[in-house]
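Descriptive structure summary
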Amino acid sequence: MLKELIDKFYLDQQRDGQQFHFYITDAGKCPRTVFFKFKNAPRAKMDARILRIFERGEYLHRNIFNILYRLRIGVTTEVSIPAQEIISGRADAIISINNENYILDIKSMNSMIFRNLTAPKQENIYQIQLYLHYFNIKKGILFYIDKDKQDIKEFIINYNSQLVQSLLKDFEELKKKIDADVVPPVLPDYPDNWQCSYCQFREICDLCGGKEISWQEFKKKIESQETKM
Ligand code: SF4
């Protein structure tokens, strides 16, 4: 009874509209997923439970922001990258320790994932590298919190301009595919990649095969499948 009301509250707030530009968090994501978001392809609704997990992560972020201000090392929090054409994003914080500025990126996770974390996750490195690039800051901190036990791990990341150039090139390549209506292929390790397990587009992705395909052709397949259902 109450559970249903609360679930509905979360589901009603779900924002899953069409995407019109890249976000920094798209770095390292499956290009096909990002393509589908730009085309507003049919996607599965997210579970209310997952939305509550995201919300809990936001509380943890705010808690850390509060501590940064009390420690007087928080320069600014939730700061958008300078406007430019291809990508937008918001860094968690810029902090200053011993007169050196750092981009801070906070990630929260469950105990099991946290316990096995011995190095920063690749997709998190990509994201913080782009923040470093756009804010012209040379060092960043990837800050991981165990949501269950409140333990913390941190990794210092140095700016790597070569990596940033290759990430920006990937975005440009994907933009060309989006403009030309060409659906990118599946991930090389599809369907075993962890992204496939949580993908809102899994159903239509499975339907249309692994290779690059015309979006118009792909849409026809999806529509013919929908009429059968
Ligand atoms: S199922 Fe996997 S390969 Fe297909 S769109 Fe989703 S993440 Fe990409």
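Cut-offs used in this document
Residues numbered from 1 in each chain as written. Predicted model: local features only at pLDDT ≥ 70, side-chain atom pairs only at ≥ 80, totals over all residues. Axes fitted to C-alpha atoms, helices over the stretch in contact; angles between N-to-C directions. Helix = DSSP H or I, 4+ residues; strand = E, 2+ residues; numbered from the N terminus. Parallel < 35°, antiparallel > 145°, perpendicular 65-115°, else oblique. Contact = placed C-beta atoms within 7 Å. Nonpolar A, V, L, I, M, F, W, Y, C, P; charged D, E, K, R; others polar. Near = placed C-beta within 6 Å. Buried ≥ 20, exposed ≤ 12 C-beta atoms within 10 Å, placed from the backbone.

Before going further, it helps to spend a moment on the packing of helix H1 (residues 2-12) against helix H3 (residues 48-71). Packing of H1 against H3 brings their axes to within 9 Å, and their N-to-C directions diverge by 70°. With respect to their mutual orientation, H1 and H3 come out roughly perpendicular. Along the contact surface, H1 presents Asp-7, Tyr-10 and Leu-11, while H3 presents Ala-48, Leu-51 and Arg-52. Class assignment for the residues of the contact of H1 with H3 results in four nonpolar, no polar and two charged.

This part covers the site of the ligand. As a matter of local geometry, the ligand sits amid 13 residues, with Cys-30, Val-186, Cys-196, Cys-199 and Cys-205 nearest to it. Secondary-structure elements contributing two or more residues to the shell around the ligand are helix H2 (31-38), helix H7 (194-197) and helix H8 (202-207). Across the shell around the ligand, the residue classes tally to eight nonpolar, three polar and two charged.

This part covers unusual backbone geometry. Look at the link from Tyr-190 to Pro-191: it is a cis peptide, with omega at 0°. Following the sequence through the fold, Pro-191 ends up in the loop between strand E8 (182-183) and H7. In this structure, Asn-40 takes a positive phi of about 55° despite not being glycine. Residue placement: Asn-40 occurs in the loop between H2 and H3. On the neighbour-count criterion, Asn-40 (11 C-beta atoms within 10 Å) is exposed. The backbone of Arg-72 shows a phi angle near 60°, a positive value even though the residue is not glycine. Locating Arg-72 in the fold gives a position in the loop between H3 and strand E2 (74-80).

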